[in-house]
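Overview (structure and organization)
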Amino acid sequence: MPGKLTIHFLGGTHLRSVKMFGKMSPYIEAKFNHISYRTKTASVGSGSNPKWSEQVVFDVRGNVSECGPVFVEVFHANTLTNDDSIGEVSIAVTKVVHDGYDEGTFKLLHKHKPAGEIQLSLSWAGDTAGDTSRSAAPQSSSQPPYGSKSPQYSAPQPSNHSPYGSQSPQYPAPSSQ
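Overview of the structure. Worth saying up front: this structure is predicted, and the values here are computed from it rather than measured.

Digging into the nonpolar core
In terms of nonpolar packing, the biggest core is built from 32 residues, with Leu 5, Ile 7, Phe 9, Phe 32, Val 70, Val 72 and Leu 120 touching the most fellow members. Counting residues per element, this core draws most heavily on strand β8 (residues 113-126), which supplies five residues.

With respect to the side chain of Thr 39
One can find Thr 39 in the loop between β3 (35-38) and β4 (51-61). What makes Thr 39 buried here is its relative accessible area of 1%. For Thr 39, the contacting residues outside a window of four places in its chain are Phe 9, Tyr 27, Ile 28, Trp 52 and Glu 54.

Thoughts on the environment of Asn 33
Positionally, Asn 33 belongs in the loop between β2 (26-32) and β3. For Asn 33, a relative accessible area of 7% translates into the label buried. A C-alpha to C-alpha distance of 8.5 Å links Asn 33 and Glu 66, two positions 33 residues apart in sequence.

Comments concerning the pairing of strand β5 (residues 70-76)
Consecutive residues of a regular strand have side chains that alternate between opposite faces of the sheet. Of all the seven residues making up β5, six are buried; the element is thus mostly covered by neighbouring parts of the structure. Inspection of the sheet shows β2 paired to β5 by six bridges, in the antiparallel sense. Each residue of the ladder has a partner; that of Glu 29, found in β5, is Glu 73. Bridge count between β5 and strand β6 (residues 84-91): seven bridges; the pairing is antiparallel. What sits directly across from Val 70, in β6, is Ile 91.

A short note on the packing of aromatic side chains
Under the criterion given, the structure shown has three aromatic pairs. Ring geometry for Tyr 27 against Phe 75: centres 5.4 Å apart, planes inclined by 20°, an arrangement best described as stacked. In this pair, Tyr 27 sits in strand β2 while Phe 75 sits in strand β5, placing the two residues 48 residues apart along the sequence. You can call Phe 75 buried: its relative accessible area is 13%. Taking the centre distance of 5.6 Å and the plane angle of 70° together, the rings of Phe 32 and Phe 58 count as edge-to-face. Separated by 26 residues along the polypeptide, Phe 32 in strand β2 and Phe 58 in strand β4 bring together distant segments of the chain.

Conventions used here
Here the residue index of a chain counts from 1 through its sequence in written order. Side-chain atom pairs in this predicted model are given and counted only at pLDDT of 80 or more, local residue features only at pLDDT of at least 70, and totals for whole chains, interfaces and linings cover all residues. For the side-chain quantities, the full set of heavy atoms in the structure was used; hydrogens and water were omitted. Note on terminology: a nonpolar core comprises buried Ala, Val, Leu, Ile, Met, Phe, Trp, Tyr and Cys residues joined through side-chain atoms within 4.5 Å. Burial classes follow relative accessibility: with a 1.4 Å probe on protein chains only, a residue under 20% of its type's maximum area counts as buried, one over 50% as exposed, and anything between as partly exposed. Secondary structure follows DSSP: runs of H or I at least 4 residues long count as helices, runs of E at least 2 residues long count as strands, and numbering of each begins at the N terminus. Residue contacts follow a heavy-atom distance rule, with two residues in contact if any of their heavy atoms lie within 4.5 Å. Pairing between two strands is assigned when DSSP locates at least 2 bridges connecting them. When the centres of two rings from Phe, Tyr and Trp lie within 6.5 Å, Trp using its six-membered ring, the rings pair. Their planes under 30 degrees apart give stacked, over 60 give edge-to-face, and anything left gives tilted.

Below you can see the structure in the form of structure tokens.
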């Protein structure tokens, strides 16, 4: 029977500073079952104590015990150079699958040294048997996934957002003079 692992990204505290001047622009990249998901850069509380209100649903159509842990890494978004890793954590899904949820603060490490903490809630809906296909779907939410039904996605949804704004420029028709 298929299952769904939902991860709700809540926030970070005391993140390791990787920027000499100004505030950091942190985001999270989560990997599970060979699928990656990247949050938006935190706009609220950016810096060493960011807040997010995003979640992702990983659709597992196989034995969840074969999927391995959730790997979560926090980065600082750079404009001209590669993004800097702030810290990372690996989270076993066995407790989530057994209890149906896990919520708390997870300690980040960078080169085996403390790098801050992130707050996440994880929930599992489903069983542990089935075939071995996999997919993920991002969702935005301001509420935790508990007690609410998540839309049933089987693949990431394409974005219709242009990097230049929400509308294309409107040009007047050429005149025939």
